[in-house]
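# Tertiary structure, described
The lines below spell out each chain.
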Amino acid sequence: MDSTQQQARIGISVIVADPDMRAYVSECLNQIPGVQLLDSNTDIMPDLIVCDDQNIVVARDIPRLVVLDEPPDASAASGNFILTPFDARDLVRAALRLI
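Here the residue numbering is sequential within each chain, running from 1 through the sequence in written order. Where local features are concerned, this predicted model is filtered to residues with pLDDT of at least 70; where side-chain atom pairs are given and counted, the filter is 80 or more; whole-chain, interface and lining totals use all residues. Remark: hydrogens and water are excluded; side-chain values derive from all non-hydrogen atoms of the structure.

### Let's talk about the overall build of the protein chain
Broken down by element type, the protein chain carries three helices and five strands. Listed N to C, the secondary structure of the protein chain is α-β-α-β-β-β-β-α in terms of helices and strands. Exposure is judged per residue with a 1.4 Å probe applied to protein chains only, and the accessible area is read against the type maximum: over 50% gives exposed, under 20% gives buried, and values in between give partly exposed. Taking all 99 residues of the protein chain together, the buried fraction comes to 34%. All accessible areas in this document rest on Shrake-Rupley with a 1.4 Å probe, and a residue is counted as covered only by the protein chains that are shown. Working note: accessible area of the protein chain is about 6,300 Å², and carbon and sulfur atoms make up 48% of it. We count a stretch as a helix when DSSP gives it H or I for four or more residues in a row; a strand needs E for two or more, and each element gets its number in order from the N terminus.

Structure, rendered in structure tokens:
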């Protein structure tokens, strides 16, 4: 195992339907030191899930950050969301708050 693999990594899964938004979110999250973007087919449990669907069920106590175009209904709001448009700094700040 090389030294890169030995370093602690922050695993983030990005589950966003729109390919352009998924690429932008991934690019923004790659600015966080130690981040490893996880493929959806991996067996590694993520430290954070960034998604665009409020109805995604998250296993265990994995935090979820939802990307939304409009503010959620008050009854459905978890508080862990970011509204579009956002810049890289806003997304990174929201992600770091949850991990």
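Resuming the write-up.
### Overview of the sheet that holds strand E1 (residues 10–15)
The parallel open sheet is built from five strands, whose spatial order is E2-E1-E3-E4-E5. The open sheet terminates on both sides in strands that have one partner only, identified here as strand E2 (35–38) and strand E5 (81–83). Neighbour-to-neighbour, the strand axes of the sheet open up by a mean angle of 25°, direction not taken into account. Two strands pair if DSSP finds at least two bridges between them. Examined bridge by bridge, strand E4 (residues 64–68) and E5 share three bridges and lie parallel to one another. Across the sheet, residue valine 67 finds its bridge partner in E5, namely isoleucine 82. Strands in contact with helix H3 (residues 88–98) are strand E3 (48–51), E4 and E5; relative to E4, the strand with the most contacts, it is inclined by about 155°. Here an angle of 0 to 180 degrees is reported between the N-to-C directions of two axes, which are lines fitted to C-alpha atoms, with helices fitted over the stretch in contact. The contact rule is simple, with two residues in contact once any of their heavy atoms fall within 4.5 Å.

### So, the environment of glutamine 54
Tracing the chain through its elements places glutamine 54 in the loop between E3 and E4. Separated by 13 residues in sequence, glutamine 54 and valine 67 have C-alpha atoms that sit 8.6 Å apart.

### Focus on the packing of aromatic side chains
Working definition: a ring pair exists when centres of Phe, Tyr or Trp rings (six-membered ring for Trp) sit within 6.5 Å. Plane angles under 30 degrees give stacked, over 60 give edge-to-face, the rest tilted. Using the criterion set out here, one finds one aromatic pair in the structure. Note on tyrosine 24 and phenylalanine 86: the rings are 5.8 Å apart at their centroids and 35° apart in plane angle, and the pair reads as tilted. On the criterion of sequence distance, the pair formed by tyrosine 24 in helix H2 (residues 19–29) and phenylalanine 86 in the loop between E5 and H3 is long-range, its members being 62 residues apart. A relative accessible area of 10% places phenylalanine 86 in the buried class.

### A closer look at H3
Residues Ala88, Leu91, Val92, Ala94, Ala95 and Leu98 constitute the buried set of H3. When H3 is viewed along its axis, its buried side chains cluster within an angular range of 165° and face the same direction. Seen from the buried face of H3, the exposed residues on the opposite side, beyond 90 degrees, are Arg89 and Arg97. On its buried face, H3 sits against H2, E3, E4 and E5. In this description, one arc is meant: the one made by directions from the helix axis to the C-beta atoms.

### Overview of the nonpolar core
Side-chain atoms within 4.5 Å link the members of a nonpolar core, which is a set of buried Ala, Val, Leu, Ile, Met, Phe, Trp, Tyr and Cys residues. Counting residues in each nonpolar core, the largest one holds 20 residues, and the members touching the most others are Leu29, Val50, Leu65 and Leu91. Broken down by secondary-structure element, the contributors of at least two residues to this core are E1, H2, E3, E4 and H3. With sequence-adjacent residues up to four places away left out, valine 50 is seen in contact with Ile12, Ser13, Val14, Ile15, Val16, Val25, Leu29, Leu65 and Val67. Listed in part, the five residues of the second largest apolar core include Ile49, Cys51, Ile62 and Leu68.

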